[in-house]
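For reference, the chains in residue letters:
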There are 2 protein chains.
Amino acid sequence: MSTTEAIPTTESSTTKPEFGVSGRKIVYDKDGKCRTCNTLLDFQFATAKKSVAPKVETKTIPEVKSSYAQDEPPDVTQLGRSSWTLLHSIAATYPETPSNKQQQDMKSFLNLFAGFYPCWFCAEDFQKYITKHEPKTQTQDDLGKWLCEAHNEVNRKINKPEFDCNLWKKRWKDGWDEE
Amino acid sequence: MSTTEAIPTTESSTTKPEFGVSGRKIVYDKDGKCRTCNTLLDFQFATAKKSVAPKVETKTIPEVKSSYAQDEPPDVTQLGRSSWTLLHSIAATYPETPSNKQQQDMKSFLNLFAGFYPCWFCAEDFQKYITKHEPKTQTQDDLGKWLCEAHNEVNRKINKPEFDCNLWKKRWKDGWDEE
C-alpha cells in the first residue's frame, strides 16, 4: 500500500475515516473497530473521541508508554512481528525427519492458528493462502521454506521487502556467523 | 533466579559453563546448545569460540545489530515475549460464548503449541502445566484468566513480577483508557 496517499481529515468523530495516519487503509470489523488489525496510531485515529480528528501534520495523539503493567494491547504490526517470530522459530526446531503424526500435527496447528489469529482480516487472508498452498511439513527445510514463502506473500501485500528463502535457516535457526 | 550469583569464568572454550552472563542457568539440549532456550548473550557465552571465555565485567561479546536481513534468531526472552503477545491476543479475540467445537479447537491449539514450542525446556514445563491445569475454554474471560495464570506461573519461576489477572482485558484487549 502506497504511503503517499492523501489522508483525509474529518470534522467530526462520527465519521469513520477510510485511511489512517500511517497511509494504510483502516480495517474495521462488525463491532466497528479492530485494534489488532491496525497500527496503534491508526486505531487511535479511527476511534478518536475528540470532536475534531487529528490532522496528520500535528502529533496530537499521545503515545502513552507507562509502566510495564500499563502497556497497551498490541497493534497489527506488533502482533505480526510476534507471530512470525514464533512461527519461524517453530520451523527452526521442527524435526528434520518428522513422523507422520508430527507432520499431521503441524498441519493441524497451522490451520488452528489461522482460525484463531486475532486480526480477522489477516486470518482470512492466511486461511485462503493455506487452502491454495497446503503447508509442506515433510521435513524441517520444507516447512521453513513454506513459511518463508507465506511470509513473503504478506510482505508483497504490505509493500515490504521480500526475504531470500534460501537464507531462512541463517535468519531463524543458526544465525549468520555459522560456517 | 538471583542476579547476584557468582558467574564462573573459564580458561578454555571446551568447558560447558553452568551459568551465563545474565546470571541464569544455561540450558543445554542433546545437541549441546539451545539457542531458543537462553538469552542471546548467554548463548554466545556458552558457545564462544574464543579460547578464553569472556569475563562478566568486560563486555567482550559483541552485539551485532546489522540490517534487517541479518537479524539474529530470537533468544529465549524474545521468543517468550512474542509468544505471550500472540497467546494473550488470541484470548482477547476468542468468542465470548464459543461453540463446543471452538472450545475443543482451542484446547487442541494449546496442546499443539506446547508440543512445538521452540525452547524444549519451556515446552516441557508448559506441557506439565497444562496436564495439571486443564485450559479453561468455556468463555473468553475464562481463557484470558487461565492464560494469565499460566503466564504468572512462569513469571514466578523466572523472578518476574506477577500480573493482576483481573486486569487482563485492559492489558490485552481494550487498553487502559476505556471507561
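Here, residues in each chain are numbered from 1, in the same order as that chain's written sequence. As they are written, the chains are lettered A onward and the ligands numbered 1 onward, keeping that order. The model is predicted, so local features are restricted to residues of pLDDT at least 70 and side-chain atom pairs to those at 80 or more, both for listing and for counting; the totals for chains, interfaces and linings are taken over all residues. As a convention, hydrogens and water are excluded, and side-chain values are obtained from all of the structure's heavy atoms.

If you check an unreviewed UniProt entry, chain A appears there as Sulfhydryl oxidase from Candida maltosa. UniProt positions are given in the numbering used here, feature names are shortened, and annotations may be inferred rather than shown by experiment. As recorded by UniProt, the Subcellular location (unreviewed entry) comment attached to chain A reads in full: "Mitochondrion intermembrane space".

### With respect to the overall build of chain A
When helices and strands are counted, chain A shows 6 helices and 0 strands. Secondary structure elements are taken from DSSP: a helix is a run of H or I of four residues or more, a strand is a run of E of two residues or more, and numbering for both begins at the N terminus. Seen in sequence order, chain A has helices and strands lined up from the N terminus as α-α-α-α-α-α. Put simply, chain A has 179 residues, and 44% of those count as buried. For this analysis, residues touch if any pair of their heavy atoms sits within 4.5 Å. Of the contacts formed within chain A by residues at least 6 apart in sequence, a portion of 53% connects residues at least 24 apart. Accessible surface is estimated by sampling points in the Shrake-Rupley manner with a 1.4 Å probe; for residues, cover comes only from the protein chains shown. Counting only carbon and sulfur atoms, one obtains 51% of the accessible surface of chain A, whose full area is about 9900 Å². Any residue under 20% of the maximum accessible area for its type is buried, any over 50% is exposed, and the rest in between are partly exposed; the area is computed with a 1.4 Å probe on protein chains only.

### Digging into the UniProt feature "domain: ERV/ALR sulfhydryl oxidase" (unreviewed entry) in chain A
UniProt records the feature "domain: ERV/ALR sulfhydryl oxidase" (unreviewed entry) for residues 72-172 of chain A in the present numbering. Helix makes up 70% of residues 72-172 of chain A and strand 0%, and the two end C-alpha atoms of the span are 28 Å apart.

### Description of the relation of the copies chain A and chain B
In this comparison the copies share one frame, found by least squares on the C-alpha atoms of residues holding pLDDT of at least 70 in both. The two copies are related by a screw motion: chain A maps onto chain B through a turn of 180° and a shift of 0.0 Å along the axis, at an RMSD of 0.0 Å. On this basis, the relationship between the two copies can be described by a two-fold rotation axis. For chain A, the residue whose C-alpha comes nearest the rotation axis is Ser 82 of chain A, separated from it by 2.1 Å.

### Side note on the packing of aromatic side chains
Residue and element names in this part refer to chain A. Geometry of aromatic contacts follows a simple scheme: Phe, Tyr and Trp rings, the Trp one being its six-membered ring, pair when their centres are within 6.5 Å, and the pair is stacked under 30 degrees between planes, edge-to-face over 60, tilted otherwise. Overall, the coordinates contain 19 aromatic pairs over all chains when judged by the stated rule. Judged by centre distance (5.4 Å) and plane angle (45°), the ring pair of Phe 113 and Tyr 117 falls under tilted. The cationic tip of Arg 171 hangs over the ring face of Trp 172; the distance from NZ or CZ to the ring centre is 3.9 Å. Only when the NZ atom of a Lys or the CZ atom of an Arg is both within 6 Å of the ring centre and within 35 degrees of the ring normal do we say a charge sits over the ring.

### Notes on helix H4 (residues 120-132) of chain A
Each turn of an α-helix holds 3.6 residues, which means side chains three or four residues apart point in the same direction. Residues and elements named next belong to chain A. How far a helix is expected to stretch is found by multiplying one less than its residue total by 1.5 Å. Between its terminal C-alpha atoms H4 stretches 18 Å, which fits the 18 Å expected from 13 residues at 1.5 Å a residue. Of all the residues in H4, the buried ones are Ala 123, Phe 126, Tyr 129 and Ile 130. Buried residues of H4, seen end-on, are gathered within an arc of 125° and therefore sit on one face of the element. Of the exposed residues in H4, the ones pointing more than 90 degrees away from its buried face are Lys 128, Thr 131 and Lys 132. Looking at the buried positions of H4, the neighbouring elements they touch are helix H3 (100-116) and helix H5 (140-157). This arc describes the spread of directions from the helix axis toward the C-beta atoms.

### A word on the packing of H4 of chain A against H5 of chain A
All names here are of chain A. At their nearest, the axes of H4 and H5 sit 11 Å apart, and the two run at 130° to each other. When the axes of H4 and H5 are compared, the pair comes out oblique. H5 is crossed by H4, and the crossing has right-handed handedness. Contacts from Asp 125, Phe 126, Tyr 129 and Ile 130 in H4 reach Trp 146, Glu 149, Ala 150, Glu 153 and Lys 157 in H5. Split into classes, the residues belonging to the contact of H4 with H5 amount to 5 nonpolar, no polar and 4 charged. Helix axes use the C-alpha atoms of the stretch in contact, all axes being lines fitted to C-alpha atoms, and the angles between their N-to-C directions lie in the range 0 to 180 degrees. An angle counts as roughly parallel when it lies under 35 degrees, as roughly antiparallel when it exceeds 145, as roughly perpendicular when it falls between 65 and 115, and as oblique in every other case. Here a crossing is taken to be left-handed if its near helix is turned anticlockwise relative to the far helix by less than a right angle, and right-handed if that turn runs clockwise. For this classification, Asp, Glu, Lys and Arg are treated as charged, while Ala, Val, Leu, Ile, Met, Phe, Trp, Tyr, Cys and Pro are nonpolar and the rest, including Gly, are polar.

### What about the nonpolar core?
The biggest cluster of nonpolar side chains holds 60 residues, and the ones touching the most others in it are Phe 109 of chain A together with Phe 109 of chain B. In this structure, Phe 109 of chain A is in contact with Leu 87 and Ile 90 of chain A together with Phe 109, Leu 112, Phe 113 and Phe 116 of chain B, ignoring residues within four places of it in sequence. Here, nonpolar core means buried Ala, Val, Leu, Ile, Met, Phe, Trp, Tyr and Cys residues that are tied together by side-chain atoms lying within 4.5 Å of each other.

### Brief notes about the side chain of Arg 171 of chain A
Tracing the backbone through its elements, the reader meets Arg 171 of chain A in helix H6 (residues 168-174). Judged by its relative accessible area of 11%, Arg 171 of chain A is buried.

### As for the packing of helix H2 (residues 76-93) of chain B against helix H5 (residues 140-157) of chain B
Residue and element names in this part refer to chain B. One can describe the packing of H2 onto H5 by two numbers: an axis separation of 8 Å at closest approach and a directional angle of 160°. As summarised for this structure, H2 and H5 are arranged roughly antiparallel, according to the angle between their axes. As H2 runs across H5, the sense of the crossing is left-handed. Contacts from Trp 84, Leu 87, His 88, Ala 91, Ala 92 and Thr 93 in H2 reach Gln 140, Leu 143, Gly 144, Leu 147, Cys 148, Ala 150, His 151 and Val 154 in H5. The residue makeup of the contact of H2 with H5, split by class, is 9 nonpolar, 5 polar and no charged.

### Describing the state of the cysteines
Two cysteine sulfurs form a disulfide in these notes if their separation is within 2.5 Å. Per the counting criterion, the structure on display carries 4 disulfides over all chains. Two residues share a disulfide in this structure: Cys 119 of chain A and Cys 122 of chain A, whose sulfurs sit 2.0 Å from each other. Linking Cys 119 of chain A and Cys 122 of chain A, the disulfide has an S-S dihedral of approximately 75° and is accordingly described as right-handed. Judged by relative accessible area, which is 23%, Cys 122 of chain A ranks as partly exposed. Two residues share a disulfide in this structure: Cys 148 of chain B and Cys 165 of chain B, whose sulfurs sit 2.1 Å from each other. Here the S-S torsion is close to -90°, and the disulfide linking Cys 148 of chain B with Cys 165 of chain B is therefore left-handed. With Cys 148 of chain B in helix H5 and Cys 165 of chain B in the loop between H5 and helix H6 (168-174), this pair connects stretches of sequence that are 17 residues apart. Pair check on accessibility: Cys 148 of chain B and Cys 165 of chain B agree, each one buried.

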